[in-house]
Amino acid sequence: MLTYLLRRLLFAIPLLFLIAVVSFIIIELPPGDYLTVYVMNLKQSGEAIDEAALQVLRTRYGLDKPLLLRFFIWFRGVLKGDFGYSFMWEKPVSQLIGPRLWYTVLISVLATAFAWVFGFLIGVYSGIHQYSIGDYAFTVLGYIGLATPNFLLALILLWAVYVTFGVSLGGLFSPEYANAPWSWAKFVDLLKHIWLPVIVIGTGSMAGLIRILRANLLDEIEKPYVIAAKARGLPSKELYWKYPLRVAVIPFASTAGWVLPEIVSGAVVTGIVLNLPTVGVILVDALKSQDMYLAGSLVMFLSIFTIIGTVISDILLAWLDPRIRFE
Amino acid sequence: MRKVLEVRNLRTHFELVEGTVRAVDGVSFQLNEGEVLGIVGESGCGKSVTAQSIMRILPKSARIVDGEILFWNQQDVVDLTKLDSEGEQMRNIRGKDIAMIFQEPAACFAPVYTVGEQMIEAILLHEDMSKQEARRLALKMLEKVKIPNPESVLDRYSFQLSGGMLQRCMIAMALSLNPKVLIADEPTTALDVTIQAQIIYLVNQLQKEYSSAIMWITHDMGVIAQISDRVAVMYLGQIVETAPVKDLFRNPLHPYTRALLRSIPRLARRKKKLEAIKGVVPDPYNLPIGCRYHNRCDSFIQGLCDEREPTEVEVDVAHRVKCFLYGGR
């Protein structure tokens, strides 16, 4: 088990490096760089272009150096915790994404927890009470949850809250707390706002988990080992928890790996609609304007999340399923 | 000989969307202390449903609509059909007094617990002992079923063991509480012939030691000949003939039994074409009127077999048959 874990973690290191290379190349693929975009914008607004100033900028940002060299300069910086400089925001990347990263992780973790807890409870109920009224009701809700785009759900909820309570829940804080230092009141304000994105982002994966768990449970309930356990005299309540559910819950763990990156990249539209300070929103802007150090760093973080998520789900899987552990 | 189990006129039906399937339809037999009763029949004839009815582990769509299943427990007799299938009394009987082994040993152990964990669970459900004692008992049972390295097998998972090994484990688990009745539902069907022979030998040995009554379900006449004292032949939810094993093979009475015995391939008669029973098993939603076998029978009597159902006749000592050829009008 320990060697398995160590091997998984060791494999993650070269993988991260490869991801960094690939993401950097992809960012560089479109012709031009941030300065071309910058010049274009200046031209459009009819401002004069100072060639000398451009040249200064080019050398300052290292844009005159070849791609490979630029990559290594950036990557060396990353290892030291310096993620480069955002052209667009004119700020160091680390300063820009630091707090956003934590809010993203916070929202992701809460949304995942929401999806898992309710997905698990409803999935178990639906699986054990197949074709009951409750099962049908949850099935309908689940399909609606799966089919509704997150941003639409976000808009509907925003509107519903606004109509009934007369408050706007966009963003994570009310305006008076947005730039205030941390205090108890600010925390309470955060709680008042955060449930909305958590529900919006969590609903989709919750609906998916319900379907997966229900289907798995129904598959497992009829298996010979369940009947054999029943024939030993196991009471049916214990039977469900101990046998079919124990096997049916395994796919839950395997989805854990996707949730984190999916929430970051998938919730961009929701993030824009709800005005959330998450990284998804600035990633889109950075890609549009070829703000390459910012975009590269964000893609790096997404990849790290993906790898962490996958390692976590691998560990969970190995722990839950001896068939994987003993392979 | 004292009875341990008696099934009287058992009817277990499945209510399905397509209609009612009368899987077990008026089955009666008895099981005596220490004997092996073989139940033989082709797939779908209701052998397994009979076993599941006795254990009260039928699927949700099945219901016992009529009949009694009497079980002699110490001094008193209980009718298992009257018990709540989830109730404590039935649960105490299930696994302790009546144990069961199944067809596919590899599928009958959950993949997420070790064999030992499942054996110990079975013991602790019925015996008031510590985990260590239960483990020692499980270990002793594995030695009894001749498993090499029993200590390490206890800590293995089902996917790490072969089918034959797992079937031994299942037998060990079933016998660990010294049940009065052991129901074996095609336990050797999924195993290859050499392993099958070993398992049958093993059960024969253990039966002498444990003197449990065994109800051995199979579709294999060869297995029946090797293991049973008495045989019941089932066709479409009914027992058509019951006889001591030697009588059945020497003097089969029911046309179905005869046809079954004729369709066993024999190496000595090499060039002859293998005989098969003519026709197909009727649609279970639409059982034939009269004797259920009449449309495939060689001795079919027009106007009788397709109109009335024969009753059971005792032709010889303990040899009963359900056919108009021997009376039964």
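How each quantity is defined
Residues numbered from 1 in each chain as written. Chains lettered and ligands numbered in written order. Predicted model: local features only at pLDDT ≥ 70, side-chain atom pairs only at ≥ 80, totals over all residues. Heavy atoms only, no water. Helix = DSSP H or I, 4+ residues; strand = E, 2+ residues; numbered from the N terminus. Rg over C-alpha atoms; globule rule 2.2 N^0.38 Å. Buried < 20%, exposed > 50% of the residue type's maximum accessible area, 1.4 Å probe, protein only. Contact = heavy atoms within 4.5 Å. Areas by Shrake-Rupley, 256 points an atom, 1.4 Å probe, with all protein chains shown as cover. Axes fitted to C-alpha atoms, helices over the stretch in contact; angles between N-to-C directions. Parallel < 35°, antiparallel > 145°, perpendicular 65-115°, else oblique. Left-handed = near helix turned anticlockwise from the far one by under 90°. Buried area = accessible area lost by both parts, 1.4 Å probe. Salt bridge = Lys/Arg side-chain N within 4 Å of Asp/Glu carboxyl O. Polar contact = N/O pair within 3.5 Å; in protein donor to acceptor, adjacent residues only side chain to side chain. Pairing = 2+ DSSP bridges. Expected span 1.5 Å × (residues − 1). Bend = angle between axes of the 7 residues up to and from the residue. Patch = residues over 30% accessible without salt bridge, like charges linked within 9 Å, V, L, I, M, F, W, Y side chains within 5 Å. Core = buried A, V, L, I, M, F, W, Y, C linked by side-chain atoms within 4.5 Å.

## Here we look at the overall build of chain B
At step 1: Along its length, chain B carries 11 helices and 12 strands.
At step 2: For chain B, whose C-alpha radius of gyration is 21 Å, the value lies close to the compact-globule estimate of 20 Å for 329 residues.
At step 3: Principal-axis analysis of the C-alpha atoms places the extent of chain B at approximately 65 × 50 × 45 Å.
At step 4: When burial is assessed residue by residue, chain B has 54% of its 329 residues classed as buried.
At step 5: Considering only residue pairs separated by 6 or more positions, chain B has 63% of its internal contacts joining residues 24 or more positions apart.

## Concerning the overall build of chain A
At step 1: Per the secondary structure count, chain A includes 17 helices and two strands.
At step 2: Burial analysis of chain A (327 residues in total) assigns 46% to the buried set.
At step 3: Sequence-distant contacts in chain A: of pairs separated by 6 or more residues, those separated by 24 or more amount to 74%.
At step 4: Accessible area for chain A stands at about 17200 Å²; split by element, carbon and sulfur atoms hold 71% of it.

## Comments concerning the packing of helix H1 (residues 2–28) of chain A against helix H4 (residues 67–79) of chain A
Residues and elements named next belong to chain A.
At step 1: Interhelical geometry of H1 versus H4 gives an angle of 130° and a closest axis separation of 11 Å. Classified by the interaxial angle, the pair formed by H1 and H4 is oblique. Taken as a pair, H1 and H4 cross one another with a handedness that is right-handed. Residues Phe17, Ala20, Val21, Phe24 and Glu28 of H1 form the contact with H4, whose participating residues are Leu67, Arg70, Phe71, Trp74 and Phe75.

## Here we look at the interface of chain A and chain B
At step 1: Chain A puts 22 residues into the contact, and the matching count from chain B is 24 residues.
At step 2: Both sides of the chain A and chain B interface together cover about 2300 Å² of buried area, and 63% of this is carbon and sulfur.
At step 3: Together, A:Lys230, A:Ala231 and A:Arg232 form the three largest contributors to the area buried by chain A at its contact with chain B, with a combined 29%.
At step 4: Across the chain A-chain B interface, the total number found is three salt bridges.

## Side note on the side chain of B:Asp79
All names here are of chain B.
At step 1: Inspection of the secondary structure assignment puts aspartate 79 in strand E5 (residues 76–79).
At step 2: Look at aspartate 79 and you get buried, because its relative accessible area is 12%.
At step 3: Looking at aspartate 79, its side chain comes within polar contact range of the main-chain nitrogen of isoleucine 69, at 3.0 Å.
At step 4: Those residues in contact with aspartate 79 that lie beyond four places of it in its chain are Glu68, Ile69 and Leu70.

## Let's talk about the sheet that holds E5(B)
All names here are of chain B.
At step 1: Here we have four strands laid out as an open sheet, ordered E2-E1-E4-E5, and antiparallel in their pairing. Across the chains shown, the open sheet's two edge strands, defined by having one partner strand only, are strand E2 (19–32) and E5. Direction aside, neighbouring strands of the sheet carry axes that sit 10° apart on average.
At step 2: In this structure, strand E1 (residues 3–16) lies alongside strand E4 (residues 62–73), joined through eight bridges in antiparallel fashion. Along E4, the bridge assignment pairs valine 7 with isoleucine 69.

## Notes on the sheet that holds strand E6 (residues 98–101) of chain B
Residue and element names in this part refer to chain B.
At step 1: What the eight strands build is an open sheet, ordered E6-E7-E8-E3-E9-E10-E12-E11; its pairing is mixed. Unpaired on one side and paired on the other, E6 and strand E11 (313–316) mark the two borders of the sheet. With direction set aside, neighbouring strand axes in the sheet form an average angle of 20°.
At step 2: In this sheet, strand E10 (residues 238–244) lies alongside strand E9 (residues 230–235) in antiparallel orientation, the contact comprising six bridges. Bridge pairing in E10 links tyrosine 235 to glutamine 238.
At step 3: Along the sheet, helix H7 (residues 163–175) makes contact with E6 and strand E7 (181–185), crossing E6 at roughly 175°.

## Observations regarding helix H9 (residues 184–221) of chain A
At step 1: Between its first and last C-alpha atoms H9(A) spans 48 Å; for 38 residues at 1.5 Å apiece the expected length is 56 Å, and the helix comes up short by more than 12%.
At step 2: In the structure, H9(A) departs most strongly from a straight axis at A:Thr203, where the bend amounts to approximately 40°.

## Brief notes about the pattern of salt bridges
At step 1: A complete count under the given rule lists 26 salt bridges over all chains for this structure.
At step 2: In this structure, a network of salt bridges that share partners links the residues B:Arg11, B:Arg22, B:Asp25, B:Asp66 and B:Arg292.

## Structural notes on the environment of B:Gly67
All names here are of chain B.
At step 1: Among the secondary structure elements, glycine 67 is positioned in strand E4.
At step 2: Judged by relative accessible area, glycine 67 falls into the buried class, the value being 15%.
At step 3: Measuring from C-alpha to C-alpha, the distance between glycine 67 and aspartate 84 comes to 15 Å, with 17 residues separating the pair along the chain.
At step 4: Discounting residues that sit within four places of it in the chain, glycine 67 has contacts with Arg8, Asn9, Leu10 and Thr81.

## Side note on a nonpolar patch on the surface
At step 1: A cluster of nonpolar side chains, contributed by A:Phe151, A:Leu152, A:Leu155, A:Ile156 and A:Val269, occupies part of the molecular surface with about 400 Å² of accessible area.
At step 2: When you line up the elements, A:Ile156 lands in helix H7 (residues 150–165).

## Focus: the nonpolar core
At step 1: Among the nonpolar cores identified, the biggest contains 84 residues, and B:Ile54, B:Leu80, B:Ile98 and B:Ile183 are the most heavily contacted of them.
At step 2: At nine residues, the largest contribution of residues to this core is made by H7(B).
At step 3: With near-sequence residues (within four places) excluded, B:Ile54 lies in contact with B:Leu5, B:Val7, B:Phe29, B:Ile69, B:Leu80, B:Met90, B:Ile98, B:Ile183 and B:Met215.
At step 4: Formed by 46 residues, the second largest nonpolar core is a distinct cluster that contains A:Ala111, A:Ile122, A:Leu245 and A:Leu317.

So yeah, pure geometry; function would need other evidence.
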